[in-house]
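Architecture at a glance
Residues per chain, in single letters:
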Amino acid sequence: MQLNLKRLTLQTSVALALSGCLTPVLAAEETATTDSAERKSKEGTSQEERESKASTLQSVVVTAQKREESIQDVPITVTAIDGQLLQDSNAGLTAGEIVRFIPNASAATLDNHGFPRWFLRGIGTGQPTLDNVSPIGYYVDEVYLGPILMSGGPLFDVARVEVLPGPQGTLWGKNSPGGAISVVSRKPEFNNSGWVKATVGSFNQQLVQGAINVQLIEDKLATRISFSQENRDQWAKNITKGKRGELEDQSIRWQLLGQLSDNLEALLSVHYRKYTQDEQTSYTYYNRPGTGGVQFPSRVYTFNGPSETTHEQSGAVLTLNWDLAGYALTSITGFEQVRSIALADSDNGPTIDNRSFGSQEAKQFSQELRLASPREDRFNWITGLHYYKSDLDSVSISNTTTGTTPPPAYTHNAWTGETQSLGIFASATYNFTDRFNLTAGVRWNEESKDIDLIRQRAASQNYSRNHWWNLSNISTPLTRTVNYQNDRTWRELTWDVTPEYKFTDNLRGYVRVAKGFRGGGYITSPTAQTQAGSFDPEFILSYEAGLKSEWLDGRLLVNGSAFLYDYDDIQINVFRFDPSVGSAVSRMQNAGSAKVKGAEFSVQALPIDNLQLHFSLGLLSTEYKEYNDGQGNDYSGANFARAPNISAVLGANYKIALPKGKLVLGGDVNTRSNFHFTAIDSHNPLQQHSGYTLVNLRASYIFPDERIKLTAFVDNATDKDYWQATQEGANSTVGRAMAAPRTIGASLQYDW
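Residues numbered from 1 in each chain as written. Predicted model: local features only at pLDDT ≥ 70, side-chain atom pairs only at ≥ 80, totals over all residues. Heavy atoms only, no water.

Observations regarding the sheet that holds strand β7 (residues 136-140)
Pairing is mixed in the open sheet, where 5 strands are placed in the order β3-β9-β10-β7-β8. Looking along the sheet, the strands with just one partner apiece sit at the ends: β3 (79-82) and β8 (143-144). As defined by bridge partners, strand β9 (residues 158-165) adjoins strand β10 (residues 179-185) across 7 bridges and the pair is classed as antiparallel. Looking across to β10, one finds that L164 is bridged to A180. (Pairing = 2+ DSSP bridges. Helix = DSSP H or I, 4+ residues; strand = E, 2+ residues; numbered from the N terminus.)

So, in structure tokens, the structure goes:
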């Protein structure tokens, strides 16, 4: 870890040095452009604004309907997680950590900083393979990221994250029948400013994050560089090798904002991420109680082979905004690419029975054009189109050296696929009166997918060869067991209708009916020719009614909604142990139909000026009305996986004024009831998880000039043992993807 510590120190020093250079530049500009009286006036206004903010809950501006609006004025359920909250609570190291602030949501991330399994209101996917498109659309700066592999990066220097549950069949309609998650980065500003934060914590965690904002040409050109680097040890220890592995996650984002004319703005954003880890395991395999070996909840494993992952991702976004006499024309052009390579010990023990290698690559291009009329018009509208193209390339290799079922063998499963889609959409609102309006939207979708898959088999190979997995190193004849090509196209019309009524200036109600659609796909892990094939699209018709309100002069916000989904042709991932390959295998199939119903309530309160409270409650009921797996098993009446009936979040933030500076105490509590991990085996105790509660606490001292903040934190304060997924193993073992244990740490942040 010595090298990592040197890197941490160097990066912190560079960032602080840059801040020291920028601060006098900013001061010089202020001296040249602002006289003393103007500065005092601004300082007075700033103080008044701070006092006003301290006595009322601030309105959060979101773009859930592709316009900037107060979250209280948007007639849909939206949760906005402030970027400052993520920064203060150390909760953005992976994207999936946002669910700690949201009820009826989960995002299991098995491989530390890998890609999450997004679930909103019981809708999601449990197997984030390269070919599997999540029903929860994931967007970064309005660019849809199709492969789930692209959605796990750290959330650093972000303005907010918006979470929209339920079908987003119009404006966010690209494969978003279960909801959408929109990450909004902090944009460059026309000033010189920035921040840097250094954190140390349990498991030798060393984290540096920050941003440097520079105005290049006054009110015309600005740039912002944001960065994040984390190093730490793995939570589990390899007792065969006697050591813990390490992970390193590095990300950087550069943005350039130009005000090209009075009515044209351009923003270019380029980003890169590299994530590596070794000696890692997604699952710890536990023997049944009383049988010896590794027992729950030990955080140890016994692999003796190499186990490492390298993930690289990069992309660019160009956003153009024209103001055309009050009409807004927006162009968003995005390119993204990712490559992930993993080498694993797959026999789950100190033997050489099984090794595996995987390579996944994806490239995508997207283009969106939107034209919006002025929001204040009695009849206002948005229309546009969205084009998307992705190319996928996957290679999965496994080699077994012992056993009889299956016999020792080398298997090579490779496939390529291309997806193209086009969406044309329009949404309009008509204000019949000052109190009543109606919004309706429609989207035409066309999606085409093709696949070319070949699975080959040979006699077991010797691991002593370098890169034993390469086909060029195979020393025995290969036999083709699966050869499958196909291309399919789906077309569908999705829509939403939302009447809204303003009962008073502080109380509004809405009803929303929406249709969502997720295109079909292919089975990419067939072990025999008869298992190759495709699955069909799925559909959701949702009904939702909600209320949004403000009370006590803005010191109390109370919102609530109730929803009902009719869910048809459900794409469900079946994860079973397959004796023919000696491991668990994931295969997608369509279930018949299901019902989802529930409610969500949210309360924000400012009972006294320096105390802010937040409480959210989620109630959920799910049931398959019709589900036959095609193998003679009927699971009708079963509940969805990862769908607890009750979930709740409680958060608090209390500021204490001190003679010098102030103390800020904060924390959050997240609780959920019992749930299970698979619908096809929901009564199996090994697939069930009892309810649990997580507690996270933090305390910060802010120096008098408000530039320096020192924070201490503890996450999972009660050291709760819980896990995020299960996997059936051989010899009656069960694999559990253990989540983070209790961790403690401290951070120092400097703003300028």
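Things to note about the packing of aromatic side chains
One pair of aromatic rings is described through two measures. These are the centre distance and the angle between the planes. Enumeration according to the criterion identifies 28 aromatic pairs in this entry. When the ring of F517 is compared with that of F539, the centres are 5.9 Å apart and the planes differ by 35 degrees; the resulting orientation is tilted. Taken together, the positions of F517 in strand β25 (residues 507-518) and F539 in strand β28 (residues 538-551) put the pair 22 residues apart, joining distant regions of the chain. Centre to centre, the rings of Y692 and Y722 are 4.8 Å apart; their planes meet at 25 degrees, and the pair counts as stacked. Placement of Y692 in strand β38 (residues 692-702) and of Y722 in the loop between β39 (708-715) and β40 (723-728) is noted, with a sequence separation of 30 residues between them. Overall, the relative accessible area of 10% leaves Y692 in the buried class. In this structure an aromatic cluster arises from ring pairing among Y567, Y624, Y627, Y635 and F640. (Phe/Tyr/Trp six-rings, centres within 6.5 Å; stacked < 30°, edge-to-face > 60°. Buried < 20%, exposed > 50% of the residue type's maximum accessible area, 1.4 Å probe, protein only.)

Observations concerning unusual backbone geometry
The general pattern is negative phi for most residues beyond glycine and trans for most peptide bonds. Of note, the bond from F296 into P297 is cis; its omega dihedral lies within 30 degrees of zero at 5 degrees. Counting through the fold element by element, P297 comes out in the loop between β16 (284-286) and β17 (300-301). A positive phi angle, near 55 degrees, is found at R121, a position not held by glycine. Structurally, the position occupied by R121 is in the loop between β5 (117-120) and β6 (123-124). At R642, a residue that is not glycine, the phi angle is positive and equals roughly 55 degrees.

Quick look at the environment of Y654
Along the chain, Y654 falls in strand β34 (residues 646-657). Sequence-wise, Y654 and Q215 are 439 residues apart; in three dimensions their C-alpha atoms are separated by 35 Å. Each residue touching Y654, except ones within four places of it in the same chain, is listed here: I608, N610, L611, L663, V664 and L665. (Contact = heavy atoms within 4.5 Å.)

What to know about the sheet that holds β6
Strand order in the open sheet made by the 3 strands is β4-β5-β6, with antiparallel pairing throughout. Edge positions in the open sheet fall to β4 (105-108) and β6, since each of these has one partner strand only. Relative to β5, β4 is paired through 4 bridges, and the arrangement is antiparallel. Across the sheet, A107 pairs through a bridge with W118, a residue of β5.

Describing the pairing of strand β35 (residues 662-672)
Bridging between β34 and β35 involves 11 bridges; their strand directions are antiparallel. Residue K655 lies in a different strand from β35, and its bridge partner there is V664. The turn linking β34 back onto β35 is made up of 4 residues, and G661 within it adopts a positive phi angle of 80 degrees.

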